[in-house]
Amino acid sequence: MAEHVRVVVIGAGPAGLATLKALADHGVPAVCFDAGDEPGGLWVFGAPHSSAYRTLHLNTSRGRTEFADLPMPTDWPAYPDHTRIADYLRGYAERFRLRDAIRPRHTVERVGRDGEGRWTVAARGPAGPVTVTADAVVVANGHNSTPRPPSPVYPGPLDAEQMHSHDYRDPEQLAGRRVLVVGGGNSAMDIAVDASHVAARTLLSLRRGVWVVPKYLFGRPADTLNGALARRLPWRMRQRVSETMLRLSVGPPQRYGLPVPTHGFLQDHPTLSESLLSRLTHGEVEPRPAIDRFDGDAVVFTDGRRDAVDLVVWCTGYRIDLPFLDPALLGEGADRLPLYQRVFHLDTPGLMFVGLMQSTGSALPVVEAQARLVAAHLAGDYALPPPAVARAACARELRRAAARWGDRRPAMRIDFDAYLAAAARELAAGRRRQRRGEGVRWAA
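Residues numbered from 1 in each chain as written. Predicted model: local features only at pLDDT ≥ 70, side-chain atom pairs only at ≥ 80, totals over all residues. Heavy atoms only, no water.

Digging into helix α1 (residues 14-25)
If you check α1, its first and last C-alpha atoms are 16 Å apart, about what 12 residues at 1.5 Å a residue would give, namely 16 Å. Across the 12 residues of α1, 10 count as buried, placing the element largely inside the fold. All buried positions along α1 are accounted for by Pro-14, Ala-15, Gly-16, Leu-17, Ala-18, Thr-19, Leu-20, Lys-21, Ala-22 and Leu-23. Buried residues along α1 sit in contact with β1 (3-10), β2 (30-33), α3 (82-95), β3 (102-103), β6 (128-139) and α8 (364-378). Of the residues flanking the end of α1, it is Gly-27, one or two places downstream, whose phi is positive at about 70°. (Helix = DSSP H or I, 4+ residues; strand = E, 2+ residues; numbered from the N terminus. Expected span 1.5 Å × (residues − 1). Buried < 20%, exposed > 50% of the residue type's maximum accessible area, 1.4 Å probe, protein only. Contact = heavy atoms within 4.5 Å.)

Some remarks on the pattern of salt bridges
All told, the structure shown has 31 salt bridges when counted by the stated rule. The salt bridge involving Arg-238 is made with Asp-415; its shortest N-O contact spans 2.9 Å. Taken together, the residues span a long stretch of sequence, with Arg-238 in helix α6 (residues 235-249) and Asp-415 in the loop between β25 (413-414) and α10 (416-436) at a distance of 177 residues. For Arg-238, a relative accessible area of 4% translates into the label buried. Residue class for Asp-415 comes out buried when judged on its relative accessible area of 8%. One salt bridge in this structure joins Glu-332 and Arg-336, with 3.6 Å as the shortest N-O distance. Accessibility classification places Glu-332 together with Arg-336 in one group, the exposed group. Connected via shared salt-bridge partners are Lys-21, Asp-25, Asp-69, Glu-368 and Arg-372. (Salt bridge = Lys/Arg side-chain N within 4 Å of Asp/Glu carboxyl O.)

Thoughts on the layout of surface pockets
In this structure, the second largest pocket spans a volume of roughly 1,100 Å³. Around the second largest pocket sit 41 residues that line it, and Ala-393, Arg-396, Glu-397, Leu-398 and Arg-413 are the ones nearest its centre. Every element with two or more residues in the lining of the second largest pocket is listed here: α6, β21 (339-340), α9 (387-405), β25 and α10. With 13 residues, α9 is the largest single contributor of residues to the lining of the second largest pocket. Considering only residue class, the lining of the second largest pocket consists of 22 nonpolar, two polar and 17 charged. (1 Å grid on protein atoms, 1.4 Å probe; cavity = no way out; pocket = protein on both sides within 12 Å on 5 of 7 lines; lining within 4 Å. Points joined across faces, edges and corners; volume = space filled by probe spheres on them. Nonpolar A, V, L, I, M, F, W, Y, C, P; charged D, E, K, R; others polar.)

Structure below.
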């Protein structure tokens, strides 16, 4: 017979670790399956599915990234490197005795429900296949491990080597080459800066404009300024203040040859780079517009310029890949799945997600807040609202997100500061519902 456990957590990155810790705090036993050798997920350099590279650092400041349950050392720099963050996550697992619950080198292959309403989780580990049954499943395996290729595919033949940023590890991969970096996110900026120091030539192509934010503004980590404003102003007013600060400190993106952003600040994931603007002004990174087509060893851009390249690095993001779940549970897709508080499946009790979101800030405090909702619910301390109320709340949040972020995964988008405040209020409200015998309580 399959082993029975109370809760299965999938993934031992930041989301999975925060979930295990919150469950342990409430006395809810859990087992965690993780594909890696060590806890830490994508921050473990060289781990399965990790996209970490040697020069990777935090893009959110230490104080805005740390778990509330374990502050980072105060003598660390404001933006620690990936080695420190991986050590921090391992230390988190050890401090709260989470390792005993983690089964490393186990890849989950299938999650389904049996005829009695319980969950069956099939995984493959070093000793072969493993099957457990569980009362609840928490999906916490992240969504930045399956590269998303460029879409649409650009016409024309290309002789140059191509790679996705997921496979980038070290500047040596770029040395002496004519490199084209495609994308406007944090990885694209980091890789373009790395290339500018070792490559024969570095081009950076952006299909649309982005707001590039230095990591320090007016002598302080940039995200701490927005955090201070978030406690006092709605996001529209914060947007105007932030755009004014950027214009005063570094000027508009077009001053550096970058496209004009088509969206306002705080209406997309921030792109932070302390070095890109400097490398642009020194001519070490050359901006280009979108690609029009390929032509052998050359790339033709939409402004008619043509440049020979040896290597194209696609920084085109990731697609959400949850192959172990029945597609019927994901509806129109994981990036469109309505979840109450971005955690609870509306139609399937016992199925929860931690970390299936895109935040304007760090992920760690967000997954910590989500994990507390999960653990309180499974411990019987927190009741969900009635299904109709939960569904209406999801629809309302989707309308708000679409108004702010447009069609760029609005179902997944959250405002970092607003979400943390709302999650704390929701936890208190759910506990009141539980005490009054209202709402949906955990019945397993």
